[in-house]
Amino acid sequence: MWVENAWYAASFLKDIGDHPKSVTLLGRPLVVFRTETGKLAVLDDRCPHRSVPLSFGRRTGEHLRCSYHGLQVDAEGNCVRIPCQDRIPANARVRAYPVAERHSLAWVWMGDCAFANADEVPDFHYLDDPEWTACTGYHFINADYRLLNDNLLDLSHESYVHDTTIGNDAVAEAPVKVERTETQIRVHRDIWNCEPPPFYVKATGFNERINRWHTTIFTVPSTHVIENGSYPASSSRSHALERRVLHAISPATPTSSHYFWGVARQYRPDDHELTEYIRLQTAETFDQDKQILELQQKALERTGDGAFSLALATDKGPVQARHAIERMIAREKELRCGVNREKLAQ
Ligand code: FES
């Protein structure tokens, strides 16, 4: 159910300190740590000796020391010290994962290292671009990552789940336009001449009827950039105030996901009160998503088949996203079979 050859967000950089941090991605327990000289490392979170989690250990200079018998590994996962003996066995190592520090996040490549290319880290530059003012947050959601994708690719739910923050009836009633490339799906919605939802009034100052739009740009397997803007319906688009809402979803287990998010704006950059308002309102909005997604996950587990019997016009984006993920997983499988066949032939 997971694409492995992809960059996944593991943590905001600001949350990686002197102590190792445990993160589960694609069902694999990992330890994230930064060496004393600043090198970021992600390793399997399991000591090669007796399997105690390395995240329970301690950083010692450039190494991570296991808290049970003191074995030390470096940022590449090689064992560099065993206190009770001089000889270091060849199998005294743990898997190290390619990492990249980009746009305020630590990204981990979970697949074949040969394909890791840091230039392909999702473009979340809005989070650290001086042209934009951003706030960020994190939710852990007990739901399959694909349900989170569905949620962001069908924003008609804003009318019902988020009617106290960003939604009202006009969102669900607006038609959507869906475009697809090999690795991206764009879902666009224009909502003309509508009442501004509560968040819009405070976040923009527009308290008359507005024109607003969203374009969700989904990149397989699970990152989304939502381009969003609004302006008074009585004026023109040149008066629009725009935001970008960034979503990096990293599957933790088959039924849980890390959800790293950020909201960036290009107006009133020094208004810290506004930044805090947007952060709190967005956190409340995603609390509402968390509640509905976890209910949905439980309902799917009860029926056991994970299938949906009814598709509506607004499901085009979610359905295409799921197909794109399936195609990518199938390609990875073919790739692995090819590599295995080559190994057998040698
Ligand atoms: Fe880590 Fe023994 S379990 S050193």
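Nothing here was measured: the structure is a model prediction, and the numbers come from that model. (Residues numbered from 1 in each chain as written. Predicted model: local features only at pLDDT ≥ 70, side-chain atom pairs only at ≥ 80, totals over all residues. Heavy atoms only, no water.)

Draft legend 1. Examining helix α1 (residues 145–153) more closely. Of all nine residues that make up α1, eight are buried, and the element is covered over most of its length. Looking only at α1, the buried set comprises Tyr145, Leu147, Leu148, Asn149, Asp150, Asn151, Leu152 and Leu153. (Buried < 20%, exposed > 50% of the residue type's maximum accessible area, 1.4 Å probe, protein only. Helix = DSSP H or I, 4+ residues; strand = E, 2+ residues; numbered from the N terminus.)

Draft legend 2. Broad picture of the sheet that holds strand β3 (residues 28–34). Taken together, four strands build an open sheet; the order of strands is β2-β3-β4-β9 and the sheet is antiparallel. In this open sheet, the two strands that pair with only one neighbour each are β2 (21–25) and β9 (96–97). When strand β4 (residues 40–44) meets β9, the two strands line up antiparallel, connected through two bridges. Paired with Leu43 across the two strands is Ala96, which belongs to β9. (Pairing = 2+ DSSP bridges.)

Draft legend 3. Representation of the side chain of His157. Relative to the helices and strands, His157 is located in the loop between α1 and α2 (158–161). Engagement of the side chain of His157 in a polar contact is seen with the backbone oxygen of Asn151, the distance being 3.3 Å. From its side chain, His157 meets the backbone oxygen of Asp154 in a polar contact 2.9 Å long. The contacts of His157, once residues within four sequence positions are left out, are Asn151, His162 and Asp289. (Polar contact = N/O pair within 3.5 Å; in protein donor to acceptor, adjacent residues only side chain to side chain. Contact = heavy atoms within 4.5 Å.)

Draft legend 4. The arrangement of unusual backbone geometry in detail. The omega torsion across Val220 and Pro221 is 10°, close enough to zero to call that bond cis. Along the chain, Pro221 falls in the loop between β15 (210–219) and β16 (223–232). With a phi close to 55°, His103 is a non-glycine residue in the positive phi region. Taking relative accessible area as the criterion, His103 reaches 15% and is therefore assigned buried. A positive phi angle, near 40°, is found at Arg268, a position not held by glycine. Topologically, Arg268 is positioned in the loop between β18 (256–265) and α5 (272–303).

Draft legend 5. How the structure looks around the environment of Gly27. Along the chain, Gly27 falls in the loop between β2 and β3. Separated by 189 residues in sequence, Gly27 and Thr216 have C-alpha atoms that sit 27 Å apart. Contact partners of Gly27, with chain neighbours within four places excluded, come to Trp2 and Ala252.

So far we have only geometry, and geometry alone does not tell us how the molecule works.
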